[in-house]
Amino acid sequence: MGRRKTNSANAHKEAKKTLYVAKLMNNPTSPRKTRLVADMVRGVDVDKALGILKYCPRESAPKMYKLILSAVANWQAKNEGKRIEDSQLYVKQIMVNEGRTLRRMMTAPQGRGYRIRKRSNHITVVLGSRVEEAPVAQQAEEETK
């Protein structure tokens, strides 16, 4: 591997160290319904997002609750010795993508069959820390001056 590729790979590896991600694949709920829940917690602090999801009556809320807890556990694994309260974690990104669709047939009158599409989705949660991003924003402002 050349020097350019090695440098690029090392930069990519360093960027992943500050990324705290959790994924849920093939969640058997319609993506459209899951996006409604995702919109409620996007950009919100982790504690508040967990409170919202705990009392949300939608089907995908408990799954998203567990997913955010998993992302917090991933944050703890990468940041041993730091407290969650001090880092001010928030839901930086939450994406709901379409997964595989199971196609089924339901009997219909006069020998026909209606097609049923059972949809699924993939959920990706990325957490960010407001404490770490504040100095970066200040440096960008100083460079523009």
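Before any of the text, the structure's been laid out above.
Residues numbered from 1 in each chain as written. Predicted model: local features only at pLDDT ≥ 70, side-chain atom pairs only at ≥ 80, totals over all residues. Heavy atoms only, no water.

A word on the overall build of the chain
Here is step 1 of the chain: A count of helical and extended segments in the chain gives 6 helices and 3 strands.
Here is step 2 of the chain: Each helix and strand of the chain, ordered N terminal to C terminal, gives the series α-β-α-α-α-α-β-β-α.
Here is step 3 of the chain: A compact globule built from 145 residues should have a C-alpha radius of gyration of about 15 Å, whereas the chain, at 20 Å, is more than 25% larger.
Here is step 4 of the chain: With the C-alpha coordinates of the chain rotated into their principal frame, the extents come out at 75 × 45 × 35 Å.
Here is step 5 of the chain: Counting only residues that meet the buried cut, the chain has 30% of its 145 residues in that class.
Here is step 6 of the chain: Here the contacts in the chain between residues at least 6 apart in sequence split such that 71% fall between residues at least 24 apart.
Here is step 7 of the chain: Surface accessibility of the chain: about 10,400 Å² in total, with carbon and sulfur atoms responsible for 50%. (Helix = DSSP H or I, 4+ residues; strand = E, 2+ residues; numbered from the N terminus. Rg over C-alpha atoms; globule rule 2.2 N^0.38 Å. Buried < 20%, exposed > 50% of the residue type's maximum accessible area, 1.4 Å probe, protein only. Contact = heavy atoms within 4.5 Å. Areas by Shrake-Rupley, 256 points an atom, 1.4 Å probe, with all protein chains shown as cover.)

So, the pattern of salt bridges
Here is step 1 of the chain: Counting across every chain of the model gives 6 salt bridges.
Here is step 2 of the chain: Salt-bridge contacts for E85 lead to R83; the nearest nitrogen and oxygen are separated by 3.4 Å. Each member of the pair, E85 as well as R83, is classed as exposed.
Here is step 3 of the chain: D86 is the salt-bridge partner of R83, the closest N and O atoms lying 3.9 Å from each other.
Here is step 4 of the chain: Through salt bridges with shared partners, a single ionic network connects R83, E85 and D86. (Salt bridge = Lys/Arg side-chain N within 4 Å of Asp/Glu carboxyl O.)

As for the nonpolar core
Here is step 1 of the chain: In this structure, M64, I68, I94, V125 and L127 are the most contacted members of the largest nonpolar core, which totals 25 residues.
Here is step 2 of the chain: At the level of elements, β1 (20–27), α2 (31–41), α3 (46–54), α4 (61–78), β2 (89–107) and β3 (113–129) are the ones that each hand at least two residues to this core.
Here is step 3 of the chain: Sequence-distant contacts of V125, that is, excluding residues within four places in its chain, are made with Y20, V21, A22, L67, I68, A71, V91, Q93 and I94. (Core = buried A, V, L, I, M, F, W, Y, C linked by side-chain atoms within 4.5 Å.)

Concerning the packing of α3 against α4
Geometry of a packed helix pair, given as the angle between the helix axes and the separation of the axes.
Here is step 1 of the chain: In contact at an axis separation of 8 Å, α3 and α4 are set at 155 degrees when each is read in the N-to-C sense. Looking at the two axes, α3 sits roughly antiparallel to α4. For the crossing formed where α3 meets α4, the hand is left-handed. In this structure, α3 uses V46, A49, L50, L53 and K54 to contact α4, whose residues at the interface are A61, M64, Y65, I68, L69 and V72.
Here is step 2 of the chain: Considered class by class, the residues forming the contact of α3 with α4 number 10 nonpolar, no polar and 1 charged. (Axes fitted to C-alpha atoms, helices over the stretch in contact; angles between N-to-C directions. Parallel < 35°, antiparallel > 145°, perpendicular 65-115°, else oblique. Left-handed = near helix turned anticlockwise from the far one by under 90°. Nonpolar A, V, L, I, M, F, W, Y, C, P; charged D, E, K, R; others polar.)

Side note on the sheet that holds β2
To summarise the sheet geometry, strands pair through backbone hydrogen bonds and adopt either a parallel or an antiparallel arrangement.
Here is step 1 of the chain: Here 3 strands make up an open sheet; going across it, the order is β1-β3-β2 and the pairing antiparallel. Sheet topology places β1 and β2 at the edges, where each strand pairs with a single neighbour. For this sheet, the mean inter-axis angle between neighbouring strands, taken without regard to orientation, is 10 degrees. (Pairing = 2+ DSSP bridges.)

Points about the environment of G128
Here is step 1 of the chain: Mapped onto the fold, G128 is located in strand β3.
Here is step 2 of the chain: With relative accessibility at 4%, the residue G128 sits in the buried group.

Function cannot be inferred from these measures alone, as they are strictly geometric.
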